[in-house]
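Observations on the three-dimensional arrangement
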Amino acid sequence: MAVHKLYNAYFTYNSVNLSAWVKSITLNDGFPELDSTAMSNASRRHIAGLEEWSIDVDFEQDYASAAVDQTLSPLKGTSSAFEIRADAGTVTTTNPKWTGTALLSQYQPVGGTVGELHMTKAHFASASDLTRATS
């Protein structure tokens, strides 16, 4: 079993590489459970609903050109293409990529505690099918 640390993640949104500012990133993927229990069943039954995915990113905030704020702020409430990889290296069977279109549904342009890094959070919701590729 290969074990590795996450330290060189790759993230682009709207064709802008924001990887240099990513502090943490999570791609959530799953299916809601739909209750399909009928009166004749002795126990609950479930089926999978439609796939539902999202992305949560914590960034080190930067207001410079082509950085976090100038990329994300004008895109709030809109959908753009993204790409995520666990490692910025070449896409392979051991370093797959996930792509699709995501809605920037939440963006926190200012956040932090006195004396700490100036952080910002963004939440991206599914706006297309999620695609996994190994080449």
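Throughout what follows, the structure given in this document is the object of discussion. (Residues numbered from 1 in each chain as written. Predicted model: local features only at pLDDT ≥ 70, side-chain atom pairs only at ≥ 80, totals over all residues. Heavy atoms only, no water.)

A closer look at the environment of Gln61
Threshold: Going along the chain from the N terminus, every DSSP run of H or I of four or more residues is numbered as a helix, and every run of E of two or more is numbered as a strand. Working rule for contacts: check all heavy atoms of both residues, and any pair within 4.5 Å makes them a contact.
Its location among the elements puts Gln61 in the loop between strand S6 (52–60) and helix H1 (68–72). With 60 residues separating them along the chain, Gln61 and Lys121 place their C-alpha atoms 8.9 Å apart. In this structure, Gln61 is in contact with Val68, Asp69, Tyr107, Pro109, His118, Met119 and Thr120, ignoring residues within four places of it in sequence.

Here we look at the packing of aromatic side chains
To be explicit about the condition: We call Phe, Tyr and Trp rings a pair once their centres come within 6.5 Å, taking the six-membered ring for Trp, and we label the pair stacked below 30 degrees between planes, edge-to-face above 60, and tilted otherwise. Using a 1.4 Å probe on the protein chains alone, a residue whose accessible area is under 20% of its type maximum counts as buried, one over 50% counts as exposed, and one in between counts as partly exposed. For a lysine, the NZ atom is tested; for an arginine, the CZ atom; a charge sits over a ring if that atom is within 6 Å of the ring centre and within 35 degrees of the ring normal.
The tally for this structure, following the rule as stated, stands at four aromatic pairs. Plain terms: the ring middles of Tyr13 and Phe124 are 4.7 Å apart, the flat faces sit at 55 degrees to each other, and that makes the pair tilted. Note that Tyr13 is positioned in strand S1 (residues 10–13) and Phe124 in strand S9 (residues 119–126), a separation of 111 residues in sequence. Of the two residues, Tyr13 and Phe124, both sit in the buried class. Following the ring pairs from residue to residue traces out a cluster consisting of Phe11, Tyr13, Phe59 and Phe124. A cation over an aromatic ring shows up here: Lys5 above the ring of Tyr7, its NZ or CZ 5.3 Å from the ring centre. Seen from the ring of Tyr10, Arg85 lies directly overhead, with NZ or CZ sitting 3.8 Å from the centre.

Some points on the side chain of Thr12
Topologically, Thr12 is positioned in strand S1. For Thr12, the contacting residues outside a window of four places in its chain are Asn17, Ala81, Phe82 and Glu83.

Observations regarding the pattern of salt bridges
Put simply, the test is: When a carboxyl oxygen of Asp or Glu lies within 4 Å of a side-chain nitrogen of Lys or Arg, that pair is called a salt bridge.
According to the stated counting rule, one finds four salt bridges in the structure shown. The closest approach of N and O atoms between Lys23 and Glu60, which form a salt bridge, is 3.8 Å. With Lys23 in strand S3 (residues 22–30) and Glu60 in strand S6, this residue pair connects regions lying 37 residues apart in the sequence. A salt bridge links Asp35 to Arg44; its shortest N-O distance comes to 2.9 Å.

With respect to the pairing of S6
To keep things clear, this is the line we draw: We call two strands paired when DSSP finds no fewer than two bridges between them.
Here eight bridges tie S3 to S6, and the two strands are oriented antiparallel to one another. Bridge pairing in S6 links Leu27 to Ile55. Pairing analysis gives seven bridges linking S6 to S9, with the strands arranged antiparallel. Note on S9: the bridge partner recorded for Ser54 is Ala125.

Structural notes on the nonpolar core
This is how the line gets drawn: The definition of a nonpolar core used throughout is a set of buried Ala, Val, Leu, Ile, Met, Phe, Trp, Tyr and Cys residues joined through side-chain atoms within 4.5 Å.
Counting residues in hydrophobic clusters, the biggest one holds 23 residues, and the most contacted among them are Phe11, Tyr13, Ile55, Phe59, Leu72, Phe82 and Phe124. Those elements that place two or more of their residues in this core are S1, S3, S6, H1, strand S7 (79–85), strand S8 (97–108) and S9. Residue contributions to this core peak at four residues, all from S6. Apart from the residues lying within four places of it in its own chain, the contact partners of Ile55 are Phe11, Ile25, Thr26, Leu27, Asn28, Phe82, Ile84, Ala122, His123 and Phe124.

Honestly, it's all geometry; don't read function into it.
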